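What follows is each chain in one-letter form.
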Amino acid sequence: MKKTHWLITGVLTSLVAGTTVTGCSQAQDLPPVPEDTDCSDWEWDDDEGVWQCDDTRSTHYGHFFYGGLFFHSRSALLNSSAYKSYKSSSSFKGGFGSGSKGGFGG
């Protein structure tokens, strides 16, 4: 039982420490939050490496923002030639889990 407790404690400590370090360095590298008067709440979409409007009162709610433009859906964003170029470049700001959904086991 002691070995199991030690193993679980070690794994959890590693996960928490790894998340903290990754989260801190990543937050410093993000592009600035868009300055749009119609959206007052922005959320970083780590999979796509862009900001998304999270203001339920906004006409842009749920829209993705890249290159000065709003995209009404993920599909519209992914079909943009400018976005495709950004996503394949070294300046892409997507996170460690880019392309994956969810936590353990995807």
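Refer to the structure above for everything that follows.
Residue numbers here run from 1 along each chain, matching the order of that chain's written sequence. In keeping with the predicted nature of the model, local features appear solely for residues at pLDDT of at least 70, side-chain atom pairs appear and are counted solely at 80 or more, and the whole-chain, interface and lining totals rest on all residues. Side-chain numbers here rest on the full set of heavy atoms in the structure, without hydrogens or water.

Chemist: Pulling in residues and values, what's your account of the overall build of the protein?
Modeler: Counting its regular elements, the protein contains three helices and four strands. A run of H or I in DSSP becomes a helix once it reaches four residues, and a run of E becomes a strand once it reaches two; helices and strands are each numbered from the N terminus. When the helices and strands of the protein are read in sequence order from the N terminus, they spell out α-β-β-β-β-α-α. Note on contacts: a residue pair is in contact if any heavy atoms of the two residues lie within 4.5 Å. Here the analysis covers contacts within the protein between residues at least 6 apart in sequence; of these, 35% occur between residues at least 24 apart. Within the structure as shown, the protein displays about 7500 Å² of accessible surface, and the carbon and sulfur contribution to it stands at 60%. The accessible surface values rely on the Shrake-Rupley method and a 1.4 Å probe; as for residues, cover is taken only from the protein chains in view.

Chemist: Can you tell me about the environment of Pro 32, naming the residues and giving the values?
Modeler: Relative to the helices and strands, Pro 32 is located in the loop between helix 1 (2-29) and strand 1 (42-45). Relative accessibility under 20% of the residue-type maximum defines a buried residue, over 50% an exposed one, and the middle range a partly exposed one, all with a 1.4 Å probe and only protein chains included. Note on Pro 32: relative accessible area 70%, which makes it exposed. Separated by 19 residues in sequence, Pro 32 and Trp 51 have C-alpha atoms that sit 9.1 Å apart.

Chemist: Give me the state of the cysteines: which residues, what numbers.
Modeler: When two cysteine sulfur atoms lie within 2.5 Å, the pair is treated as a disulfide. The final tally for this structure, using the stated rule, is one disulfide. The partner cysteine of Cys 39 in its disulfide is Cys 53, sulfur to sulfur 2.1 Å. Every disulfide takes its handedness from the sign of the S-S torsion; for Cys 39 and Cys 53 that torsion is 110°, giving right-handed. Placement of Cys 39 in the loop between helix 1 and strand 1 and of Cys 53 in strand 2 (residues 50-53) is noted, with a sequence separation of 14 residues between them. Cys 39 gets classed as buried once you look at its relative accessible area, which sits at 3%.

Chemist: An account of the pattern of salt bridges is requested, with residue identities and associated values reported.
Modeler: Put simply, a salt bridge is a Lys or Arg side-chain nitrogen that is within 4 Å of an Asp or Glu carboxyl oxygen. A complete count under the given rule lists four salt bridges for this structure. The partner of Lys 87 in a salt bridge is Glu 48, with the nearest N and O atoms 3.0 Å apart. Of the two residues, Lys 87 sits in helix 3 (residues 81-87) while Glu 48 sits in the loop between strand 1 and strand 2, which places them 39 residues apart along the sequence. Taking relative accessible area as the criterion, Lys 87 reaches 34% and is therefore assigned partly exposed. Since its relative accessible area comes to 5%, Glu 48 is described here as buried. Put simply, Arg 57 and Asp 55 hold a salt bridge, and the shortest N to O gap is 3.5 Å. A relative accessible area of 69% means that Arg 57 is categorised as exposed. Members of the salt-bridge network, linked through shared partners, are Asp 45, Glu 48, Arg 74 and Lys 87.

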